[in-house]
Amino acid sequence: MAGPRRTWGVYMADLVVARKEGLFCEPGQFYIDPWQPVDRAIITHAHADHARPGHTHYLAALPGADILKSRLGDIQLETLAYGEHVIHNGVTVSFHPAGHVLGSAQVRLEYRGETWVVSGDYKLEPDGTCDSFETVPCDTFITESTFGLPIYRWQAASDIFKDINVWWRSNAEKGRASVLFCYAFGKAQRILNGIDNSIGPIICHGAAETLNRIYRNAGISLPDTLTVSDASSKAGFREALVIAPPSSAGSPWLRRFGDYSDAFASGWMLLRGARRRRAVDRGFVLSDHADWPGLMRAITATGAQRVIVTHGHVDVMVRWLRENSLDASAFETEYGTNEEDNAAENESVAFKESHA
Amino acid sequence: MRDFARLYNELDATTATLGKLEALKRYFSHVEPANAAWAVYFLAGGKPRQTISTKFLRQFSTEMSGIPEWLFDECYQAVGDLAETIAHILPPPSHETSIPLANWMEERIIPLRNETPEKTREALFSYWNELETQQRFVLIKLISGAFRVGVSKLLVVRALSELAGLDAKIIAQRMMGWTDSALQPSAERYSLLIAAQSEFEHRNKDGHPYPFFLAHPLQISPQADPQVLGDIRQWQIEWKYDGIRAQLVQRNGQSWLWSRGEDLITDRFPEISGISLPDGTVIDGEIVIWKNGSPAPFADLQKRIGRKSLSSRILNEFPAAFIAFDLLEHRGQDIRHIIQSERRSRLKDVVCSIDVPGLILSPLVDAPDWHRLGIMRNTSRSRAVEGMMLKSVSAQYGIGRTKERGIWWKWKIDPYTVDAVLVYAQRGHGRRASLYTDYTFAVWDSGGSGDSDPPGERKLVPFAKAYSGLTDREIARVDAVIRRTTIEKFGPVRSVRPTMVFEIGFEGIAPSPRHKAGVAVRFPRMLRIRDDKKVDEADTLDMLKAMLPNPYRKAALTSSVGSPP
Ligand SMILES: [Zn+2]
Ligand SMILES: [Zn+2]
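Residues numbered from 1 in each chain as written. Chains lettered and ligands numbered in written order. Predicted model: local features only at pLDDT ≥ 70, side-chain atom pairs only at ≥ 80, totals over all residues. Heavy atoms only, no water.

Participant: Can you tell me about the overall build of chain B, naming the residues and giving the values?
Facilitator: Each helix and strand in chain B was counted, giving 19 helices and 20 strands. Principal axes of the C-alpha set define a box for chain B whose edges measure 75 × 75 × 50 Å. For chain B, buried positions account for 52% of its 565 residues. Contacts in chain B between residues far apart in sequence, at least 24 positions, make up 72% of those at least 6 positions apart. Of the roughly 26,000 Å² of accessible surface on chain B, a fraction of 50% belongs to carbon and sulfur atoms. Here chain B holds 75 positive side-chain charges and 68 negative ones, and the gap between their average locations is 2 Å. (Helix = DSSP H or I, 4+ residues; strand = E, 2+ residues; numbered from the N terminus. Buried < 20%, exposed > 50% of the residue type's maximum accessible area, 1.4 Å probe, protein only. Contact = heavy atoms within 4.5 Å. Areas by Shrake-Rupley, 256 points an atom, 1.4 Å probe, with all protein chains shown as cover. Lys, Arg positive; Asp, Glu negative; His and termini not counted. Charge placed at Lys NZ, Arg CZ, Asp CG, Glu CD.)

Participant: So what about the coordination of the zinc ion (ligand 1)? Which residues, and what values?
Facilitator: All names here are of chain A. The zinc ion (ligand 1) binds to the protein through His-45 (NE2), His-47 (ND1), His-100 (NE2) and Asp-121 (OD); the donor distances cover 2.1 to 2.2 Å. Here the zinc ion (ligand 1) is ringed by four donor atoms whose angles at the metal span 89 to 164 degrees, and the overall shape comes out irregular. In this structure, the zinc ion (ligand 1) is positioned 3.6 Å from the zinc ion (ligand 2), and both are ligated by Asp-121. In terms of burial, His-45 and His-47 fall into one category: buried. (Donors = N, O, S within 2.8 Å, 3.2 Å for Na, K, Ca; no water. Tetrahedral: all angles 85-135°; square planar, octahedral: opposite > 155°, others 65-115°.)

Participant: Lay out the domain arrangement of chain A in plain terms, naming residues and giving numbers.
Facilitator: Residues and elements named next belong to chain A. We note that the domain assignment places domain 1 (5-152 + 288-354) and domain 2 (157-284) within chain A. Taken together, the contact pairs 27 residues of domain 1 with 24 residues of domain 2. Contact between domain 1 and domain 2 buries roughly 2,200 Å² in total, counting both sides, with carbon and sulfur atoms accounting for 67%. For the pair domain 1 and domain 2, the interface holds three salt bridges. For the pair domain 1 and domain 2, the interface holds four residue pairs in polar contact (both at pLDDT 80 or more). By residue number, the principal contributor to the side of domain 1 that touches domain 2 is helix H10 (residues 339-354), which donates nine residues. (Domains from an automatic or database assignment. Buried area = accessible area lost by both parts, 1.4 Å probe. Salt bridge = Lys/Arg side-chain N within 4 Å of Asp/Glu carboxyl O. Polar contact = N/O pair within 3.5 Å; in protein donor to acceptor, adjacent residues only side chain to side chain.)

Participant: Describe the sheet that holds strand S12 (residues 114-118) of chain A, naming the residues involved and giving the relevant values.
Facilitator: Residue and element names in this part refer to chain A. Read from one edge to the other, the open sheet built from seven strands follows the order S9-S10-S11-S12-S13-S19-S20, with strand pairing classed as mixed. The sheet terminates laterally at strand S9 (85-88) and strand S20 (327-330), the two strands that pair on one side only. The sheet shows a mean angle of 25 degrees between the axes of neighbouring strands, direction not considered. This element, helix H8 (residues 292-302), spans strand S13 (140-145) and strand S19 (306-312) of the sheet and lies at about 175 degrees to S13. Relative to S19, helix H9 (residues 314-323) is tilted by about 160 degrees, and along the sheet it contacts S13, S19 and S20. (Pairing = 2+ DSSP bridges. Axes fitted to C-alpha atoms, helices over the stretch in contact; angles between N-to-C directions.)

Participant: I'd like to hear about the coordination of the zinc ion (ligand 2), residue by residue, with values.
Facilitator: Residue and element names in this part refer to chain A. Coordination sphere of the zinc ion (ligand 2), protein contribution only: His-50 (NE2), Asp-121 (OD), Asp-121 (OD) and His-311 (NE2), at 2.1 to 2.8 Å. One way to put it: the four donor atoms around the zinc ion (ligand 2) meet at angles of 51 to 128 degrees, and that makes the site irregular. Ordering the donors of the zinc ion (ligand 2) by residue number gives the pattern H-x70-D-x189-H.

Participant: Describe in detail the domain arrangement of chain B, supporting the description with residues and values.
Facilitator: Residues and elements named next belong to chain B. Taken as a whole, chain B is organised into domain 1 (216-412) and domain 2 (416-558). Facing the 16 residues of domain 1 at the interface are seven residues of domain 2. Between domain 1 and domain 2 lies a buried interface of about 1,100 Å² when both sides are counted; carbon and sulfur atoms form 56% of it. Among the salt bridges present, the one from Arg-522 reaches Asp-242, with a minimum N-O distance of 2.6 Å. At the surface where domain 1 touches domain 2, the tally comes to two residue pairs in polar contact (both at pLDDT 80 or more). Counting residues per element, the ones that place at least two in the side of domain 1 that touches domain 2 are strand S6 (294-295) and helix H14 (298-302).

Participant: So what about the confidence of the model for chain A? Which residues, and what values?
Facilitator: Residues and elements named next belong to chain A. On average, residues of chain A score 88 in pLDDT, and 88% of them reach the 70 mark or higher. Taken element by element, chain A is modelled with least confidence in H10, mean pLDDT 37, and with most confidence in strand S10 (residues 91-97), mean pLDDT 98. Confidence drops under pLDDT 50 across residues 1-12; counting only partners more than four residues distant or on other chains, this segment forms 15 contacts. A low-confidence stretch, residues 336-356 stays under pLDDT 50, and its non-local contacts, those more than four residues away or across chains, total 47 contacts. (pLDDT = per-residue confidence, 0-100.)

Participant: Describe the sheet that holds strand S4 (residues 22-25) of chain A, naming the residues involved and giving the relevant values.
Facilitator: Residues and elements named next belong to chain A. Strand order in this open sheet of six strands is S3-S4-S5-S6-S7-S8, and the pairing throughout is mixed. In this open sheet, the two strands that pair with only one neighbour each are strand S3 (16-19) and strand S8 (77-80). With direction set aside, neighbouring strand axes in the sheet form an average angle of 30 degrees. Judged from the three bridges that link them, S4 and strand S5 (residues 30-32) form a sheet pairing that is antiparallel. Pairing of Phe-24 across the sheet is with Tyr-31, part of S5. Those strands touched by helix H1 (residues 65-72) are strand S6 (40-43), strand S7 (57-61) and S8, and its axis lies near 160 degrees from that of S8.

Participant: Give a detailed account of the nonpolar core, specifying residues and quantitative values.
Facilitator: Among the nonpolar cores identified, the biggest contains 122 residues, and A:Tyr122, B:Phe4, B:Leu24, B:Phe28, B:Trp128, B:Leu142 and B:Met175 are the most heavily contacted of them. When residues are assigned to domains, this core turns out to be shared by domain 1 (5-152 + 288-354) and domain 2 (157-284) of chain A, each giving three or more. Excluding anything up to four places from it in sequence, B:Leu24 contacts B:Leu7, B:Leu11, B:Leu43, B:Val151, B:Leu155, B:Val156 and B:Ala159. Listed in part, the 48 residues of the second largest apolar core include A:Leu72, A:Phe161, A:Trp167 and A:Trp168. (Core = buried A, V, L, I, M, F, W, Y, C linked by side-chain atoms within 4.5 Å.)

Okay, here's the thing in structure tokens:
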């Protein structure tokens, strides 16, 4: 097994290494999704744990530009269309769809004939709100592992949308509003895009509505949505689907919907423990990340001989990949090392989103 | 199975009683009686013998999913539940069937008990292959004997009584003994359960007990005056014994002894079931080990529980007695609707007419006012009781925790407490599977007792595990400290640097050579986090040992209590 070449704690020949500021490309002199302020940052996507404020120069995929600007304000941002490339200090950089959220990208780096791909967050199942995941052949694949356990296997999103429709329709028939908690960026738009909008009016919390506008401008088809102030009478609420960020749970904003039924849409809802912790009526298992079979499929398809795991169930994935004859190792990152830390991360992200 | 799995899901998903009730009614209103019978069995807490061992379940499921054992363990750690883990790791089903619950139980699950591992494996593979995740989960719960769902038996009774248009008391009575493993659920039994009331209802009771009436905890601090309960003369006050709650049933020349969990324990306590009561008598009381005129610690009773064959040595060393505190059936009549004071006086007549050492009339505690009662309550520990029972003299005998027709309060003594240091942590289960919620606590041992420890070298000795008593917010905080102070991980357990002191409460303490500390505590729980205390200031093993009961110090129970009216 050709392990990483380690001398005095530095990976000498590796194109990307982990530094305290984040993943660093030595020859290119730039970081990818750094968590501390740096000079040059390449951003995979605009989720708050990947796109942080304070860097001097930003480079990202073009479809995510408006979201990045709306979240990070007046940043110095350069963009590339998917597949287009630029050369930085001899390193060829290009972005390729990751299928995670609008504008999400894998970063492909090529230097002296060697190709590395940093996946960022990704999902394989096609989704009407962003470009589908594209397999990028490489020598080394740096993969996320948020749902890196074989218990995680998603049902088709179309089935989940059907379940949501059934739940919404049955509530509407009883004259109860349906409050669906989900993250405001990505998940909310995917749900809007997937559900049957003829059942009743759809009311969106402001946090999600901000992003809806950007998605619509980008040509993504979303049904008409109302804000609370648009919705004229309380009676209108009773058949409504209410898209709300998780942090709005228990807030005065929700109280106006009276005796509503609530649900939470997330990959974490697969487990009973997580559902019970949420204490909602329903949990819909809908994730924007790859499930276990998806992670394995993606890794195999790249043809990479070397895999570096970050972001999630790192130890498990590394061991499993090694047992399956791949040269696998881990990067210490600041995204938690197991599912609960990650869940906490997601929640703090959601909190920020809802206050954006 | 699909309907039952859906019901399980609904009951599991909601915490609202009304939502659960609706789900139950929806289910029972449309299922076939044979399936309903099995559903009642499981919902009422019926536990069939485990059909397939956990070991085989693990082995077969890892084989079918093609993952190594270590990966299974990782998954189990993340999920916290064996059945749920298996349900998720198995490959998706190739087809789906809709076989009803009763057929699953009678034709597919129970017959596996006598099968070879090879046949069992083959059967499981094909069963798993025809069910989606939720149904697999329920199936595995059923075959592993670990089925549990958040619904009280009383709620099942209520749902059935509303559907059948019968008084809940009648359903509750008919359901007694329903989970007895000797009787298999059947369509006929279910039909009888919900049948219109017959004139001869009471004749069909066989040896079944009545639903137990349960007490509510009286939440008042020792300083507070329990004046809230009004005139003390309106209350029948007794000691609260620390034993096994049971009903002794005598009908048609035969006797039965039932525990509160509705297990038939007639054979376990021959000295109690052998008491010859008049036919048509049911007494409610507490089984204790009785020595020298007072109850022995619960640890002694534990030596009798779970023993199928009783040697005369055990019977002599740990003689059991039944402390009678209520009369539910008298001369063949159900007298639960008669008020407490009247039932008590009839009970006294019955007990006094039978003079055997194994049957003791629960003595009444007589105090002129609440204040003096409180002083008497403080003597509980020396009497080897847990505190007091306060029963409204006009209370009828209810069902479960009902309050409508009179109430029973339990006024327990404050627990023992000790300040201890958190040394190990383990992940929780179910709702808290992702957090460290189960803790091991230690106290300081001054050392010097063993040869290897120099005197004066203090070290922490673990003495108790506790996992309840904290709020979710506190758990999150402790969880974060645990992650920060971890020394080592061994599977699901972490050892931590001692940094946190907790006040631990417990109900009893006994010497135990099996424990490193030499003592074992009963029902330990966290009372609060002692942020104000440094680790050095935690309590010592000597302080803990000083709490051990002195068997010679025990006051004779009957000598100082008030005389019955
Ligand atoms: Zn993301
Ligand atoms: Zn992420």
